[in-house]
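Structure assessment
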Amino acid sequence: GAVQYVVARPIPEKRRDCAVSIVVAARNEEGNVERLLERVPLIGTRTELIIVEGNSSDRTWEVLERMKQTYKGPLVLHIGKQPGKGKWDAVQKGFSMSTGDLLMILDADMTVPPEDLPRFYEAYAEGRGEFINGSRFIYPMESRAMRFLNNIGNQFFTFFVSRIIRQRLTD
């Protein structure tokens, strides 16, 4: 037989007093991490940027160490090295380092512009959802912003996950 679950909850209250932790997995991103730090906006009551380096073959870790020593800006900056491999491992490491009330994930290559993060915060703060997920496929993507095979894999994965959870996902 078919099993159906219904989760009934009250509509979330507005949450404007959140500290935000932004987790970034960075592998071979020495050319992006400094620009990322410059572009991440202040969000919520405190904005924490956590960049987790993922076994890079370039100078990403050295750039992060220099940034950590010299940065005096308004963001709280933390850096770390992931213990294993893969993006999920790096994100988990970043989550374990976070102290914020609200967690966000941002790609180091900035395929989603950091300037868009306040939109996600506003949706959450206004009580429009408990989990807010952005999509790079709503609007036209810049050429070469995502490799062809990654794009195909992403579409394949979201198609099947959408079927399983009965909720349309695009990214």
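For the structure given in this document, a descriptive report is provided here. (Residues numbered from 1 in each chain as written. Predicted model: local features only at pLDDT ≥ 70, side-chain atom pairs only at ≥ 80, totals over all residues. Heavy atoms only, no water.)

**Concerning the side chain of Gln-82**
Positionally, Gln-82 belongs in the loop between β3 (76–81) and α3 (87–97). Residue Gln-82 is classed as buried on the basis of its relative accessible area of 9%. At a separation of 3.1 Å, a polar atom in the side chain of Gln-82 contacts the main-chain carbonyl oxygen of Gly-84. Among the polar contacts made by the side chain of Gln-82, one reaches the side chain of Asp-89 at a distance of 3.0 Å. What Gln-82 contacts, discounting residues up to four positions off in sequence, is Val-52, Glu-53, Gly-54, Asn-55, Asp-89, Ala-90 and Lys-93. (Helix = DSSP H or I, 4+ residues; strand = E, 2+ residues; numbered from the N terminus. Buried < 20%, exposed > 50% of the residue type's maximum accessible area, 1.4 Å probe, protein only. Polar contact = N/O pair within 3.5 Å; in protein donor to acceptor, adjacent residues only side chain to side chain. Contact = heavy atoms within 4.5 Å.)

**Quick notes on the layout of surface pockets**
Size it by volume and the largest pocket reaches roughly 1200 Å³. Lining the largest pocket are 32 residues, and of these Ile-105, Phe-131, Ile-132, Asn-133 and Gly-134 lie nearest its centre. Broken down by secondary-structure element, the contributors of at least two residues to the lining of the largest pocket are α3, β4 (102–107), α4 (117–125) and α5 (148–165). Per-element accounting of the lining of the largest pocket gives the leading share, 6 residues, to β4. Grouping the constituent residues of the lining of the largest pocket by class yields 18 nonpolar, 7 polar and 7 charged. (1 Å grid on protein atoms, 1.4 Å probe; cavity = no way out; pocket = protein on both sides within 12 Å on 5 of 7 lines; lining within 4 Å. Points joined across faces, edges and corners; volume = space filled by probe spheres on them. Nonpolar A, V, L, I, M, F, W, Y, C, P; charged D, E, K, R; others polar.)

**Description of unusual backbone geometry**
For residues that are not glycine, phi is negative in most cases, and the peptide bond is trans in most cases. In the Ramachandran plot, Asn-28 falls in the positive-phi region, its phi being about 55° despite a non-glycine side chain. By secondary structure assignment, the location of Asn-28 is in the loop between β1 (19–26) and α1 (33–39). Looking at Asn-28, the relative accessible area reads 31%, which means it is partly exposed. Look at Met-110: it is not a glycine, yet its phi comes out positive at around 55°. Looking at where Met-110 falls in the secondary structure, it is placed in the loop between β4 and α4. Residue Met-110 is classed as buried on the basis of its relative accessible area of 9%.

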